[in-house]
Amino acid sequence: MNTIPKLTDVYKTHPLDIPTNKNLDSFEQLPDTYDWIQPDSFPSSLTDPNVSLSDSVPLIDLSDLPNAPHLIGNALKTWGVFQVINHGVPISLLNSMESFTNALFDLPSPHKLKAARTPDGVAGYGLPRISTFFPKRMWSEGFTIVGSPLEHFQKLWPDEYSKYCDLTEEYSREMGSLCGRLIWLALGELGITQEDVNWAGSNGDFKTSTNAVIQLNSYPICPDPDRAMGLGAHTDSSLLTILYQNNSRGLQVLREGNRWVMVEPVNGALVVQVGDLLHILTNGLYLSSVHQAVVNQTQKRISIAYFFGPSEGVEISPINKLVTPTRPLLYPTITWTEYLRKKAKLFNNTLSSIRLCAPPSGVLDINDHSEVKVG
Ligand SMILES: C=C1C[C@]23C[C@H]1CC[C@H]2[C@@]12CCC[C@@](C)(C(=O)O1)[C@H]2[C@@H]3C(=O)O
Ligand SMILES: O=C(O)CCC(=O)C(=O)O
Ligand SMILES: [Fe+2]
């Protein structure tokens, strides 16, 4: 019998030793290794007067029925991202997670390194794996949680680990149920019902058929933010990602493949982004959001990403109903672990590498944007 590869084992075949950042707070000047010079070749609405400021990421009120589903469908077809309010996740829980995230990154460096991610592991403290695809260092640090964080939290907080375990568990539960709701609203807009998604579980609650990864990000104050980059341009591999960025700017999304738009923080709002697997599931109809995080000189920033994806054994392929003569099958069948393995090698070229035919117009080809110009 074949054993199904575990999410925590995806990088076993492709280990990478990524050095962690020095204490970034100690720099008064931007070291050359962090100088991206031109972070990207696209104009940004912050710096380029020709980029319209009215072009902003849709903000959707989830309690606005009957309009919300249609607004979500539109946002995901044209942007691949929206912000949501009245999402049902208690604000107090978001605040607690934020305090916890700050507490984690405020620990002294040698202490954080007790929970360092190993070269062949997924979970733990360190620079995100994608940093190896960029010639310069990213101005950030991260902590990845897959399954139970118990072992790592015991090392970080020998006395208080259990309250932090409970907190992340509650956060996962709330985010998971929000993701389930959002996925059905989004798929409903494409005429998809529960019968069309055989892996969603008997009552369509995705409970046993999904897996989640939580990524905590920290972006210390940067002495020269225009030359630095917090997290380089990428798409998420998930089905859906829910990002909490509280009141701090930094997240930018690529609009129509040619300009960066800042996702302006809205109190209590969550950012919802399409990941590569939902793009595959919808046969390219929903756009996988290309995004990056920039840094600033005035306040440190944290963000919390919740990646919602299918369980280890679940095979994702474009939903039959979304394959038509005018919209031929765009992607093959793939599991999350298989996809992550490919992504570890091909990064922003992964989607196009598995594509079965040329995409219809409207499907963003992130291929063209994977190259970061330095110098
Ligand atoms: C389940 C996931 C999702 C991962 C890989 C693996 C664990 C960590 C996630 C992130 C977190 C930071 C950005 C990203 C782009 C990265 O480098 O690591 C994400 C990546 C992905 O969405 O591809
Ligand atoms: O910090 C942010 O705003 C973006 C984080 C992100 O894109 C990620 O963790 O995948
Ligand atoms: Fe991301």
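Residues numbered from 1 in each chain as written. Chains lettered and ligands numbered in written order. Predicted model: local features only at pLDDT ≥ 70, side-chain atom pairs only at ≥ 80, totals over all residues. Heavy atoms only, no water.

Details of the site of ligand 1
Next, step 1: In the region of ligand 1, 14 residues are neighbours, and Tyr 11, Ile 130, Gln 215, Asp 236 and Ser 237 sit closest.
Next, step 2: In this structure, Ser 237 approaches ligand 1 through a side-chain N or O atom, which is 2.5 Å from an oxygen atom.
Next, step 3: Calculation on ligand 1 without its partners gives an accessible area of 450 Å², and the protein chains cover 94% of this total.
Next, step 4: More than half of the atoms belonging to ligand 1 lie within 2 Å of the grid points that define the largest pocket.
Next, step 5: For the shell around ligand 1, the secondary structure elements donating two or more residues are strand 5 (210-219) and helix 7 (336-346).
Next, step 6: The residue makeup of the shell around ligand 1, split by class, is eight nonpolar, four polar and two charged. (Near = heavy atom within 4 Å. Polar contact = N/O pair within 3.5 Å; in protein donor to acceptor, adjacent residues only side chain to side chain. Areas by Shrake-Rupley, 256 points an atom, 1.4 Å probe, with all protein chains shown as cover. 1 Å grid on protein atoms, 1.4 Å probe; cavity = no way out; pocket = protein on both sides within 12 Å on 5 of 7 lines; lining within 4 Å. Sits in = over half its atoms within 2 Å of the grid points. Helix = DSSP H or I, 4+ residues; strand = E, 2+ residues; numbered from the N terminus. Nonpolar A, V, L, I, M, F, W, Y, C, P; charged D, E, K, R; others polar.)

Describing the sheet that holds strand 7 (residues 240-244)
Next, step 1: Pairing within the open sheet is mixed, and its eight strands lie in the order 1-2-10-7-12-5-4-3. Each edge of the open sheet is held by one strand with a lone partner, namely strand 1 (59-61) and strand 3 (124-126). Pairs of neighbouring strands in the sheet enclose a mean axial angle of 25°, with direction left out of account.
Next, step 2: In this structure, strand 3 lies alongside strand 4 (residues 141-146), joined through three bridges in antiparallel fashion. What sits directly across from Tyr 125, in strand 4, is Phe 143. (Pairing = 2+ DSSP bridges. Axes fitted to C-alpha atoms, helices over the stretch in contact; angles between N-to-C directions.)

What to know about the UniProt feature "domain: Fe2OG dioxygenase" (unreviewed entry) in the protein chain
Next, step 1: The feature "domain: Fe2OG dioxygenase" (unreviewed entry), as annotated in UniProt, sits at residues 209-310 in this numbering.
Next, step 2: Along residues 209-310 the backbone is 6% helical and 45% strand, and the end-to-end C-alpha distance reaches 6 Å. (UniProt positions renumbered as here; feature names shortened; annotations may be inferred.)

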